[in-house]
Each structure stands twice: as structure tokens, then as C-alpha cells.
Amino acid sequence: MSRDAELKRILVTGGLGYIGSHVVLSLLLSGRYLPVVIDNCHNAFPEAVKRCNEIARDEMGADAPQATFHRADLREPETIEAVFAEYKAAGGIWGVVHLAALKAVGESSELPTQYYKVNVAGSISLLEAMAKNDCNNFVFSSSATVYGTPAVIPIPETSPLQPESVYGRTKAMVEWILQDICRSGTDERPSPLKAVSVRYFNPAGAHPSGKLGEEPRGKPGNLLPLLAQMAVGREKSELKVFGNDYPGSPDGTCVRDYLHIMDLAEGHVLSLDAMAVAESEKNIFSKCDPKKDGFYRAFNLGRGAGQSVLTMIAAMRKASGFEYKYEIVGRRTGDVPDLTANPALAEAELGFLAKRDLEEMCRDLWNFQTKNPNGYEQTA
Ligand code: WQD
């Protein structure tokens, strides 16, 4: 039997994107999983998979497992079916990490139909394809934005889901759909689906090799890629800090829980590991009441440490040496004062502990940016 036949095959939707590609790499490096990437290349490049495979060979040797890539779109379910069919004879697909989605909060209020179609209807098509193919392990890429403006900081998973944007609602809806499917069985025939939603806080940084990182098309909307592109001279616009009158912040600017992208990616591997544990053993579903919850769990993936916008600017200045000039402007619509995770549940049940600090995030981001000043497309 070849080594690959011993690995669990995982379909990674959106596997070319910033988070997806680091998840693919972590799956390869774990030595337990074999990623099959699907992506529609809407906002990403196939080069990302090549680079994942290259890093895996660099770190594990010439016979490292290698990811495969298929261009497919969740809005065309037959393209997803074809991928399941292709791997059937080779043992099939054991689980899915579902990241493919539209993700711009501002855009989501302008294009709600598109967002519901891709993020919600697309997830349903994927779940249907899984059911048809007896694939019952699902990790869903959710977001801290499902908490809206939370009452308790740091935020526990029991905080109510009160998303305030269309984007956030699409993520909460998929979580609710998963819960409903998971508890849809009967005593005699429980639903076979096991699902974990991982609620991301603010991912940052890049793989330390400098070969894999974030490659947004157009002007970055998020703070850290913007700071990185400014320092390398690619983004020349003025830096605007959105509000310095937020209560509870050390300097009045918004507080976020930034975590290293490799820590976040490893959280997905741990979620799959937790699902792979035999039912007879203690596992993350042992406390689930099949009628109330089915086999469904949600976990925060964050560091549990909040940082203000000005702290992040200072950290990127230290990493890059670039003197940022900024202007304080009014608050950005939709921003909430503080999104800091309570990661205790993920630590206790998944063994998740973000190991890399702020300095490492900024150093690795800067390393990627200087090695790929114009992104993958131009350096490929
Ligand atoms: C961080 C902080 C801004 C740009 C978003 C999504 C969220 C998740 C991650 C999911 C905020 C401030 C930013 C700038 C600034 N995405 N800022 N000037 O908004 O916390 O989270 O990305 O897929 O759902 O909402 O991240 O990086 O945009 O902002 O002052 O030019 O930086 O106000 O406080 P955010 P961000």
C-alpha cells in the first residue's frame, strides 16, 4: 500500500486563498492528511498549491504528500460532484474543510444576493454532495463577526450569534444549517454528519518560508496587508485610522485578537484530529445530546489577547522599519470596539494553543511581502 493510501483525504474548498492555502500546508505537514483543493480562482492563484507542495518537500523530503488542485465552483454543483467521483475508487474523500466564500463585509451589503448564493447556497450544495458520497466530517470556516457587538470580552462560544452585516449573517446561517442537519436524525438513525465550526479572529502573518502569504487583489481592505504593502511601496495611499474614541481601548482605537496564520491553520488540523478519534474514545462529541445538538461543536480560534490599531502599526514599524504616517478619521461603519476571543474551550477540547506572538506575525508578514513585493502572479 502506498503511503498516500494511509492518509485521510480532505477536500479543502477555497484552498488557494490566504487561510485556505495555509490550511493545505498544515494538512500536508501533519503527515496525516492528503488535501484535495478546489477553488474557482475568483480571488486567488493556483500558484498557492504549487508553493504548498514545494514547502512540504523542503520540510519533509522528496516523498512528502502533495496536494492536488481542481478548478470548481460551488455555484455549479456538478463540478463538485465530479471531484468526489474522481476520488471514489481511491478510497474517497474522508472530510471537508470548507473555506470557499465571499468575505468583504462592506461589499456584502451591496451584493447580498451574491453573498447568500455563494456562502449559503454554496454550502448547501457542498453538504448535499457530501451526503451523496458518504462523507460525514465537516470543518466550517466561520468568523468572530457572528458575535456582532458582544456583551462579554473575552468572548466565549456561548455568546449569542448576532451578526451585524450580510457577510456575518451568511456565516451564522451556515452554522445554524449545520446544527439543524446534525440534529435531524432519529434515535434509531442519528444524522451521520459531524461538524465543527471554527470562528476565526483576525488572522495575520505568513508561513516563515516567505513562500506563502496573503495576496489580496486590488487595494487591501484589512489593516495588516495594507501596512505591509505600504512599507514595500506598493500601496501609496494615506493610512487612515478609523476612530480613536472607542471606550475600553488603551489608546481609543479598535481592539482585535490577531493570531498567526499558521496557528489558525493548525486549528483546522486539530479539529479534524478530534473528529477522527473513534466514537468509543472520549471525543469532542461525547457531551453532545443527539436530539439537541447532534454531533455539532463550535470553537473560537484566537490568542485571547487584544491589540489596538496603533499597537499593530507600531509592531509593523518595528518589523519593516517603515515610518507610517497616519491620520485619525471617523469610525468605519460596522466596526465594533473589541473582538477578543476566549480560546479556553479550543484549548481544553482540541488542544489548540496559539504559539506565535505579535512579533512573529509581523516578521513573517514582512518576510513574505519583501520576497513577493508584487504578489504571486508577478513572481510565479
Ligand atoms: C482591523 C482594525 C479597523 C484598515 C475583518 C472582517 C472579519 C474578518 C477579518 C473575515 C479595525 C482598523 C483597518 C484601515 C484602520 N474577516 N483599520 N484602517 O474589520 O477586524 O475584520 O477581517 O473573513 O469578518 O470584518 O479587520 O483588518 O479590516 O481591521 O484603522 O485602513 O483596523 O477599523 O479596527 P476587521 P481589519
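Above this text is the structure in question.
Residues numbered from 1 in each chain as written. Predicted model: local features only at pLDDT ≥ 70, side-chain atom pairs only at ≥ 80, totals over all residues. Heavy atoms only, no water.

A. Here's a closer look at the pattern of salt bridges. A complete count under the given rule lists 22 salt bridges for this structure. Between D180 and R183 there is a salt bridge, with its nearest N and O atoms 3.0 Å apart. R356 is the partner of D263 in a salt bridge, and the nearest nitrogen-oxygen pair spans 2.6 Å. With D263 in helix α8 (residues 261-276) and R356 in the loop between α10 (344-350) and α11 (358-371), the pair connects residues that are 93 residues apart, well separated along the chain. By relative accessible area, which is 2% here, D263 ends up buried. Its relative accessible area of 16% is what places R356 among the buried residues. Connected through salt bridges with shared partners, the residues D263, E266, K355 and R356 form a single ionic network. (Salt bridge = Lys/Arg side-chain N within 4 Å of Asp/Glu carboxyl O. Helix = DSSP H or I, 4+ residues; strand = E, 2+ residues; numbered from the N terminus. Buried < 20%, exposed > 50% of the residue type's maximum accessible area, 1.4 Å probe, protein only.)

B. Representation of the packing of aromatic side chains within the structure. In this structure the tally under the stated criterion is three aromatic pairs. With 4.9 Å between their ring centres and 75° between their planes, F322 and Y324 make a pair best called edge-to-face. The class of Y324 is buried, set by a relative accessible area of 9%. The interplanar angle of 85° and the centroid separation of 5.9 Å between the aromatic rings of F368 and Y376 together place this pair among those described as edge-to-face. Just above the ring of W94 sits the side chain of K8; from NZ or CZ to the centre is 5.3 Å. Above the ring of Y246, the side-chain terminus of R331 is found at 4.0 Å from the ring centroid. (Phe/Tyr/Trp six-rings, centres within 6.5 Å; stacked < 30°, edge-to-face > 60°. Lys NZ or Arg CZ within 6 Å of the ring centre and 35° of its normal.)

C. Fine view of helix α6 (residues 166-182). Counted at 1.5 Å a residue, the expected span for α6 with its 17 residues is 24 Å, and the 24 Å between its end C-alpha atoms agrees. Within the span of α6, buried status applies to V166, Y167, G168, T170, K171, A172, V174, E175, L178 and C182. Buried positions along α6 lie against α4 (105-110), α5 (112-132), β5 (137-143), β6 (194-200) and β11 (295-301). (Expected span 1.5 Å × (residues − 1). Contact = heavy atoms within 4.5 Å.)

D. Highlighting the packing of helix α7 (residues 223-231) against α11. One can describe the packing of α7 onto α11 by two numbers: an axis separation of 10 Å at closest approach and a directional angle of 50°. Classified by the interaxial angle, the pair formed by α7 and α11 is oblique. Crossing geometry of α7 relative to α11 is assigned as right-handed. Residues L224, A228, Q229 and A231 of α7 form the contact with α11, whose own contacting residues are L365, W366 and Q369. (Axes fitted to C-alpha atoms, helices over the stretch in contact; angles between N-to-C directions. Parallel < 35°, antiparallel > 145°, perpendicular 65-115°, else oblique. Left-handed = near helix turned anticlockwise from the far one by under 90°.)

E. Representation of the environment of I38 within the structure. Examined against the element boundaries, I38 turns out to sit in strand β2 (residues 33-39). Along the backbone, I38 and E86 are 48 residues apart, and their C-alpha atoms lie at a distance of 13 Å. When near neighbours in sequence (up to four residues on either side) are disregarded, I38 contacts L11, V12, T13, G14, G15, H70, A72, I80 and V83.

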